[in-house]
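# Summary of the model geometry
This is what each chain is made of:
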Amino acid sequence: MRSVLYYALMLLLGFAWYRFGQKLLRKGYRDERGELTQGLLGPVGFLMSAVVACVLLFGLMRALIQGEVSCLGRGCKTQVYTLAAHAGDYWANMFYMAWMVLGLGYAMYVTFRIWFRR
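My aim in this report is to walk through the structure given alongside it, one point at a time. Just so we're clear, the structure is a prediction, and the values are computed from it rather than from any experiment.

## Remarks on the overall build of the protein chain
Each helix and strand in the protein chain was counted, giving three helices and two strands. Listing the helices and strands of the protein chain from first to last along the sequence gives α-α-β-β-α. Radius of gyration (C-alpha) of the protein chain: 18 Å, far over the 13 Å computed for a compact globule of 118 residues. Counting only C-alpha atoms and orienting by the principal axes, one finds that the protein chain spans roughly 55 × 30 × 25 Å. Expressed as a percentage of its 118 residues, the buried residues of the protein chain come to 25%. In the protein chain, of all internal contacts separated by at least 6 residues, the share reaching a separation of at least 24 is 63%. When the 13 basic and 5 acidic side-chain charges of the protein chain are each reduced to a single mean position, those positions are 4 Å apart.

Pasting the structure below:
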């Protein structure tokens, strides 16, 4: 039951993130107060998000190829989940990494589109 709640909340968070990005993209070049529409990220945040997304994508691809993923979190720094022995935890960590890559990629996409409007 906890897993169902976890995945449902992750999907709900993703949907809210998507709707927020679409709301920003639908705004014009300027908002209601006449100020320029700001993106989700600033220049430094954009670069940091790109670095984190690339590291997570590399970890995701590495885990897919090797069939094992390191535990993500503070309490289990040295634990490794393998696909054969811990399939549920393996796929939960893979889903989390993929979700983070998609979320950061979407934030960078929205910011990039806002920065280069005509």
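## Some points on the nonpolar core
Leu56, Leu60, Ala63, Val69, Cys71, Cys76, Tyr81, Tyr90, Met94, Met97 and Val101 form the largest nonpolar core, which has eleven residues in total. Contributing elements (two or more residues each) for this core: α2 (43-66) and α3 (87-115). Among the elements that make up this core, the one with the highest residue count is α3 (four residues). For Val101, the residues in contact, after removing those within four places along its chain, are Ala53, Leu56 and Leu57. Judged by nonpolar contacts, the second largest core, of six residues, contains Leu41, Ala53, Leu104 and Met108.

## What about the packing of α2 against α3?
Between α2 and α3, the shortest axis-to-axis distance is 9 Å and the interhelical angle comes to 150°. Taken together, the axes of α2 and α3 lie roughly antiparallel to each other. Crossing geometry of α2 relative to α3 is assigned as left-handed. On α3, the residues that touch Pro43, Phe46, Ser49, Ala50, Val52, Ala53, Leu56, Leu57, Gly59, Leu60, Ala63 and Leu64 of α2 are Tyr90, Trp91, Met94, Met97, Ala98, Met100, Val101, Leu104, Met108, Thr111 and Trp115. Of the residues assigned to the contact of α2 with α3, the class counts are 20 nonpolar, three polar and no charged.

## Re α2
Along its 24 residues, α2 runs 35 Å from first to last C-alpha, staying within 8% of the 34 Å computed at 1.5 Å per residue. Taken together, the buried positions of α2 are Phe46, Ser49, Ala53, Leu56, Leu60 and Ala63. Next to the buried residues of α2 lie β1 (68-70) and α3. Once α2 ends, the next one or two residues include Gly67, with phi positive near 80°.

Criteria and cut-off values
Residues numbered from 1 in each chain as written. Predicted model: local features only at pLDDT ≥ 70, side-chain atom pairs only at ≥ 80, totals over all residues. Heavy atoms only, no water. Helix = DSSP H or I, 4+ residues; strand = E, 2+ residues; numbered from the N terminus. Rg over C-alpha atoms; globule rule 2.2 N^0.38 Å. Buried < 20%, exposed > 50% of the residue type's maximum accessible area, 1.4 Å probe, protein only. Contact = heavy atoms within 4.5 Å. Lys, Arg positive; Asp, Glu negative; His and termini not counted. Charge placed at Lys NZ, Arg CZ, Asp CG, Glu CD. Core = buried A, V, L, I, M, F, W, Y, C linked by side-chain atoms within 4.5 Å. Axes fitted to C-alpha atoms, helices over the stretch in contact; angles between N-to-C directions. Parallel < 35°, antiparallel > 145°, perpendicular 65-115°, else oblique. Left-handed = near helix turned anticlockwise from the far one by under 90°. Nonpolar A, V, L, I, M, F, W, Y, C, P; charged D, E, K, R; others polar. Expected span 1.5 Å × (residues − 1).

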